[in-house]
Amino acid sequence: MAKLALRTVLATALATCALTSGCGKVAMPGANAASGSDAAAQAAKHKARGGGTPAWVKDAVFYQIFPERFANGDKGNDPTKTQAWGGKPENENFFGGDLAGVEQKLPYIKSLGVNAIYFNPIFKSSSNHKYNTSDYMQIDPHFGTNAQFKALVAKCHAQGIKVIIDGVFNHTGDDHVWFQDAKQNGQKSKYWNYYSIYGYPVVTDPKPNYDAWWGFGTLPKMRVADNPDVQKNIYEVVDYWTSQGVDGWRLDVPNEIASDSFWQGFRQHVRAINPNAYIVGEIWTDGSHWVQGDQFDAVMNYLYREQVLNFFAYQNSSVDDLDARLGDLRRKYGDDVTQAEFNILGSHDVPRVLTESGGNVARMKEAVFFQMVSPGAPVVYYGDELGMTGAKDPDNRRCFPWEKTRGNDMLAFYQKMIGLREAHPALRGAEFTTLMRHNDFRLFAFVRGNGKERVVVALNSGHSPRDLSLDVGQTFKDGTAVVDYVSGKRFTVQGGKLAIPGLVPQTGMVLGAAGSR
């Protein structure tokens, strides 16, 4: 009886914990943060500048593959001194991952539910990460051949999987033919002005006498912004690979190429060949400058990652913080860009999600749950779906543990959440209307919608079961039978309220009209 009385008190308190009440330190109202005059103005500006993100991206769930560590399908192309699969990743070691391995594992990728792949660099390079390109026109021989890649893209397309690739155009490797020619022939080289070189002979060690990415002599920086010949060559690379069937480009450090006109030309070249190609830039901060409709469709959403991990993994922010800061991003970008954002939790450049969560599986699942119900395209970094751990690189680039794919609880969770996102268009839409926030109990409820379907998402990120009473009169009619698509539990809307008794801690619900799907 004491527990029942306590629940009644809590339910009453939570029923009054609306956005305007201040209960539990609830902050300012924040209804549909992705709509209104700000978002409308942004959308109009975006359209006026020739914008329009590819429709398929709004329905996409990406799978990021670091090719050297995903699967070794052809030992005949292994680098010298290839180590046994599963060894410790280091800056310069190899394990033999290749395109044949990806092709052999397509059934697994398909079973995960994803419908797009992002490949880290695949062009010829001496490193395991391939960010020091030596030939833009050739697939790295340890990965396969150009013909193999084209065939792999075709096989992905046949299974409904899009493919985007990494474009590293700020710098080359120091073994690239352009840089080698400049190094050997000095100012007589036609490629001398492809780089900013300050003297001859060209010196790499101990300190390069040329501009290099972050001072690394192995990564000479090209004069992309002010050399038309460099731009012409890059556009030829882009034209070639886009014509081979790729569905888009992820651009490495594009902010370090200080030329809007170059990126505008890049977009024009790509879209002339594939009008539905997706262009996403590696921008770690506010990407507004690049998503005005004439350069990129989206940016790698590191700002989204920061807020999600702050709340779920590190637990050092409030519900108010999470809602307000993500709402600011949605307003800043507008609906069209928000729905196409590249929503990451992990990548090759940051520690893995489970590591960031302190090894706490429940916290990671909360973050993944939120990712899958957020506007924007979720991105799964290979192996995160198995609960792989890893600190900063190279530790976050471990070999995929294929022996752990059977009976894996985290994998089943990912498959379920990706399946829910695919089954319910509301979770892929632009609407995000906050219903309730409670900082002390770490409760968050909001509506997601796409104009045709609406669902209510309820999260309990606290440590105790909580009763919720949500005002859903604008979402469901009285008497509507509502089902939680996650657990199968059923409820009924009464008096415009949806009562949820004992929402389990560190879990969430996705609630929709019963029978809708």
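Refer to the preceding data block for the structure.
Each value, and the rule that gives it
- Residues numbered from 1 in each chain as written.
- Predicted model: local features only at pLDDT ≥ 70, side-chain atom pairs only at ≥ 80, totals over all residues.
- Heavy atoms only, no water.
- Pairing = 2+ DSSP bridges.
- Helix = DSSP H or I, 4+ residues; strand = E, 2+ residues; numbered from the N terminus.
- Salt bridge = Lys/Arg side-chain N within 4 Å of Asp/Glu carboxyl O.
- Buried < 20%, exposed > 50% of the residue type's maximum accessible area, 1.4 Å probe, protein only.
- Right-handed = clockwise from strand over helix to strand, strands pointing away.
- Phe/Tyr/Trp six-rings, centres within 6.5 Å; stacked < 30°, edge-to-face > 60°.
- Lys NZ or Arg CZ within 6 Å of the ring centre and 35° of its normal.

Chemist: Could you clarify how one ought to interpret the sheet that holds strand S7 (residues 278-281) in this entry?
Modeler: Reading across from one edge, S8-S7-S6-S5-S2-S1-S10-S9 is the order of the 8 strands in this open sheet, with parallel pairing throughout. A strand with exactly one partner marks an edge of an open sheet, and here the two such strands are strand S8 (298-299) and strand S9 (342-344). Taken together, the 4 bridges between strand S6 (residues 248-251) and S7 define a ladder with parallel strand orientation. From the neighbouring strand, Trp 249 faces S7, where its bridge partner is Ile 279.

Chemist: Explanation requested: the pattern of salt bridges in the structure shown.
Modeler: Under the defined criterion, the tally for this structure stands at 23 salt bridges. Note that Arg 250 is salt-bridged to Asp 252, the shortest N-O span being 3.1 Å. Between Glu 282 and Arg 250 there is a salt bridge, with the nearest N and O atoms lying 3.4 Å from each other. Placement of Glu 282 in the loop between S7 and S8 and of Arg 250 in strand S6 is noted, with a sequence separation of 32 residues between them. With respect to burial, Glu 282 and Arg 250 carry one shared label: buried. Linked through salt bridges whose partners overlap, the residues forming this network are Asp 166, Arg 250, Asp 252 and Glu 282.

Chemist: I keep staring at the pairing of S6 and nothing clicks. Help me out?
Modeler: Each regular strand shows side chains that alternate between the opposite faces of the sheet. The side-chain alternation of S6 yields two buried faces, one formed by Gly 248 and Arg 250 and the other by Trp 249 and Leu 251. Here 4 bridges tie strand S5 (residues 162-167) to S6, and the two strands are oriented parallel to one another. Considered in S6, the bridge of Ile 164 is made with Gly 248. What joins S6 to S7 is helix H8 (residues 260-273), and the crossover it makes is right-handed.

Chemist: What's the story with the packing of aromatic side chains in this structure? I'm lost.
Modeler: The relation between two aromatic rings is expressed through the spacing of the ring centres and the mutual angle of the planes. Evaluation of the coordinates by the stated rule reveals 44 aromatic pairs. Here the aromatic rings of Phe 312 and Phe 370 are separated by 5.5 Å at their centres, their planes lie at 45 degrees, and the arrangement is tilted. Placement of the pair is Phe 312 in helix H9 (residues 302-313) and Phe 370 in helix H12 (residues 361-372), with a sequence separation of 58 residues. A residue is classified by how much of its surface remains accessible, and Phe 312, at 0% relative accessible area, is buried. Looking at Phe 370, the relative accessible area reads 1%, which means it is buried. Directly above the aromatic system of Tyr 382 lies the positively charged group of Arg 352, at a separation of 4.7 Å from the ring centroid.

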